[in-house]
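Spelled out from the first residue to the last, the chains are:
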Amino acid sequence: MKQNPFKIASLGIQHVLAMYAGAVIVPLIVGGALGLTGEQLTYLVSIDIFMCGIATLLQVWRNKFFGIGLPVVLGCTFTAVGPMIAIGGQYGISAIYGSILVSGIFVVAISKYFGKLVRFFPPVVTGSVVTIIGITLIPVAMNNMAGGEGSPDFGSLTNIGLAFGTLLFIIVLFRFFKGFVRAIAILLGLAGGTIVAYFMGMVNFSAVAEASWLHMPAPFYFGLPTFEVSAILTMILVAMVSLVESTGVYFALGDICEEKLEEKDLASGYRAEGLAIILGAFFNAFPYTTYSQNVGLLQLSGVKTKNVIYTAGAFLVLLGLVPKIGALTTIIPTPVLGGAMVAMFGMVVAYGIKMLSAVEFSSQENLLIIACSVGMGLGVTAVPELFAQMPSSIRILTDNGIVAGSLTAIVLNLVFNVFKRNQAAQQPSFAEQKAS
């Protein structure tokens, strides 16, 4: 594809729009639960978007020390939402950032060794993880198609019609167009859906009018961090879980871009995430991880150049500095976002299935790994209160369908494939036994 600046910018904006809603909802949920003022919440949202851009640039820029060097977009991890609210409620907001800071340092320290675990992530694990990621995101798309969970007109014919109209428009663009139009089909779908929604009286510009023109990051905006042992251990566990999620995304992107990932590449990727977490704590933002919805968008657009992601990262930094510009993306009605999300999240599922095609399906062990991990991921997503009676430290691993399903795949692969191979290698053959 020719490196036309306008095309690169359009594709970059499309990546921003794909992850923007997910990135914004974390500070809104956490800030609301902690009772922050409107001014504090505005800072939290703006600095989060700014740091998403910085974290993305750190990850895409491959160098000797950090950066996976693949077209990956980073955003704040949903896994940390519950733990952050619990820590803030018990110890105060300063303890949240103390625990995030230590967890980031921990990730940087172990990145070299965590990369050596690559052999524990064969296609049966990575394919299952990517499939689980897509499946567990589908309910988010469905809720948005209906108008957003808790909305008074949830499931109305207007919302459903707008959502399916947006999805149909994207499908039509894919069916009848090629090249650049097909590459930005999601962006055009969002724009078209928003225009239709405007004439239906569903677009509200008040957020743009109220937003300020300039916002500068302020280190330790909420005060100096404090350190509590239990909070630190909790956030380190969250960081480890995020690395597991990111590993599946790294392999998916490596497959899409036809690049073979080695241990040093994974270590650089983990190190970049650790640096992003440290900076997040410094500027009172959040822990960051790879965003799978952008993998789906990459697969849909077919454009794999890193220039697009560099542009997306720059746009995120700009949006974080100029909240009034960033507020423009918030006028997209929820049903329109939901319609586009169905295509993006569904593509993640499809790519996970494609990765699983490399698995030896004649092995009953592999079938059981896939069955249990996908079943656990979908089950926890459908019934999130299943483990409500477990200790909070355990619920970090069980409250999130992606985490629960991913860990199930990893553990079962160890049991059925890794340990079994090791035992077989240690056991003497029949010829050796006869010789002795």
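In this text the structure is predicted, and so the values were computed from the model without any measurement. (Residues numbered from 1 in each chain as written. Predicted model: local features only at pLDDT ≥ 70, side-chain atom pairs only at ≥ 80, totals over all residues. Heavy atoms only, no water.)

Colleague: What should I look at first to understand the overall build of the protein in this one?
Modeller: A count of helices and strands for the protein gives 19 helices and 2 strands. Looking at the protein residue by residue over its 436 residues, the buried ones come to 53%. With an accessible surface of roughly 19,000 Å², the protein has 67% of that area assigned to carbon and sulfur atoms. (Helix = DSSP H or I, 4+ residues; strand = E, 2+ residues; numbered from the N terminus. Buried < 20%, exposed > 50% of the residue type's maximum accessible area, 1.4 Å probe, protein only. Areas by Shrake-Rupley, 256 points an atom, 1.4 Å probe, with all protein chains shown as cover.)

Colleague: Looking at this structure, I do not really get a nonpolar patch on the surface. What am I missing?
Modeller: Taken together, the side chains of Leu-168, Ile-171, Val-172, Phe-176 and Phe-177 present a nonpolar region at the surface, about 480 Å² in accessible area. Mapped onto the secondary structure, Leu-168 falls in helix α6 (residues 157-176). According to the relative accessible area criterion, Leu-168 is exposed, its value standing at 51%. (Patch = residues over 30% accessible without salt bridge, like charges linked within 9 Å, V, L, I, M, F, W, Y side chains within 5 Å. Salt bridge = Lys/Arg side-chain N within 4 Å of Asp/Glu carboxyl O.)

Colleague: Where do I start with the packing of α6 against helix α8 (residues 185-199) in this structure?
Modeller: The relative placement of two packed helices is expressed as an angle between their axes plus a distance between the axes. Running from amino to carboxyl end, α6 crosses α8 at an angle of 140°, the nearest separation of the two axes being 9 Å. Considered as vectors, α6 and α8 are oriented oblique to each other. In this structure, α6 crosses over α8, and the sense of that crossing is right-handed. On α8, the residues that touch Leu-162, Thr-166, Phe-169, Ile-170, Leu-173 and Phe-174 of α6 are Ala-185, Ile-186, Leu-188, Gly-189, Gly-192, Gly-193, Val-196 and Ala-197. Grouping the amino acids of the contact of α6 with α8 by side-chain chemistry returns 10 nonpolar, 4 polar and no charged. (Axes fitted to C-alpha atoms, helices over the stretch in contact; angles between N-to-C directions. Parallel < 35°, antiparallel > 145°, perpendicular 65-115°, else oblique. Left-handed = near helix turned anticlockwise from the far one by under 90°. Contact = heavy atoms within 4.5 Å. Nonpolar A, V, L, I, M, F, W, Y, C, P; charged D, E, K, R; others polar.)

Colleague: What is the right way to read the packing of aromatic side chains from this model?
Modeller: We describe a pair of aromatic rings using the distance from one ring centre to the other and the angle between the two ring planes. This structure, assessed with the given rule, holds 9 aromatic pairs. Between Phe-220 and Phe-282 the ring centres are 4.9 Å apart and the planes differ by 65°, which places this aromatic pair in the edge-to-face class. Of the two residues, Phe-220 is situated in the loop between α9 (206-210) and α10 (229-256) and Phe-282 in helix α11 (residues 263-282); the sequence distance between them amounts to 62 residues. Between the aromatic rings of Tyr-221 and Phe-222, the centroid separation amounts to 4.9 Å while the plane-to-plane angle is 85°, which identifies the pairing as edge-to-face. Given the relative accessible area of 31%, Tyr-221 is considered partly exposed. (Phe/Tyr/Trp six-rings, centres within 6.5 Å; stacked < 30°, edge-to-face > 60°.)

Colleague: Got a minute to help me understand the side chain of Thr-56 in this structure?
Modeller: Tracing the backbone through its elements, the reader meets Thr-56 in helix α2 (residues 38-60). Among the polar contacts listed, one links the side chain of Thr-56 to the backbone nitrogen of Leu-74, at a separation of 3.0 Å. Those residues in contact with Thr-56 that lie beyond four places of it in its chain are Val-72, Val-73, Leu-74, Ile-309, Gly-313 and Leu-316. (Polar contact = N/O pair within 3.5 Å; in protein donor to acceptor, adjacent residues only side chain to side chain.)

Colleague: In this structure, what is going on with helix α15 (residues 334-356)? I would like to understand it.
Modeller: Side chains of residues three or four places apart in an α-helix project in the same direction, reflecting 3.6 residues per turn. Taking 1.5 Å per residue, 23 residues should reach 33 Å; α15 reaches 33 Å between its end C-alpha atoms and fits that length. The largest bend in α15 amounts to roughly 30° and is located at Met-341. (Expected span 1.5 Å × (residues − 1). Bend = angle between axes of the 7 residues up to and from the residue.)

Colleague: How should the environment of Phe-227 be read in this particular structure?
Modeller: Summarising the element assignment, Phe-227 is placed in the loop between α9 and α10. Taking the C-alpha atoms as reference points, Phe-227 and Val-102, separated by 125 residues in sequence, lie 8.6 Å from one another. Setting aside residues no more than four positions away along its own chain, Phe-227 makes contact with Gly-98, Leu-101, Val-102 and Ile-232.

Colleague: Whenever I open this one, unusual backbone geometry confuses me. Can you help?
Modeller: The phi angle of most residues is negative, glycine excepted, and most peptide bonds adopt the trans form. Here the phi dihedral of Phe-220 falls at roughly 50°; this positive angle occurs in a residue that is not glycine. Since its relative accessible area comes to 27%, Phe-220 is described here as partly exposed. Of note in this structure, Asn-284 is not a glycine but carries a positive phi near 60°. Residue placement: Asn-284 occurs in the loop between α11 and β2 (288-290).

Colleague: What exactly am I supposed to notice about the packing of helix α5 (residues 123-145) against α10 here?
Modeller: At their nearest, the axes of α5 and α10 sit 9 Å apart, and the two run at 105° to each other. As judged from the angle between their axes, α5 and α10 are roughly perpendicular. The residues of α10 that touch α5, namely those facing Thr-126, Val-129, Val-130 and Ile-133, are Glu-245, Gly-248, Val-249, Phe-251 and Ala-252.

Colleague: Which parts of the structure should I look at to understand the environment of Met-341?
Modeller: Along the chain, Met-341 falls in helix α15. Along the sequence, Met-341 and Ile-138 sit 203 residues apart, while their C-alpha atoms lie 7.9 Å from each other.

Colleague: I'm lost on α5 in this one. Help?
Modeller: Between the first and last C-alpha of α5 there are 32 Å, a value that for 23 residues agrees with the 33 Å anticipated at 1.5 Å per step. Within α5, 17 of the 23 residues are buried, which leaves the element mostly enclosed by the surrounding structure. Remark: Gly-147 follows α5 within two positions and exhibits a positive phi of approximately 120°.

Colleague: Just checking my understanding: could you explain the state of the cysteines for this structure?
Modeller: Note on terminology: disulfide describes a covalent bond linking the sulfur atoms of two cysteines. Using the criterion set out here, one finds 0 disulfides in the structure. Of the cysteine sulfurs around Cys-76, a residue in no disulfide, the closest is that of Cys-52, at 5.1 Å. (Disulfide = S-S within 2.5 Å.)

Colleague: Whenever I open this one, the environment of Ala-272 confuses me. Can you help?
Modeller: Residue position: Ala-272 is located in helix α11. With relative accessibility at 0%, the residue Ala-272 sits in the buried group. In this structure, the C-alpha to C-alpha distance between Ala-272 and Trp-61, residues 211 residues apart in sequence, is 9.3 Å. Excluding anything up to four places from it in sequence, Ala-272 contacts Leu-58, Gln-59, Phe-66 and Gly-67.

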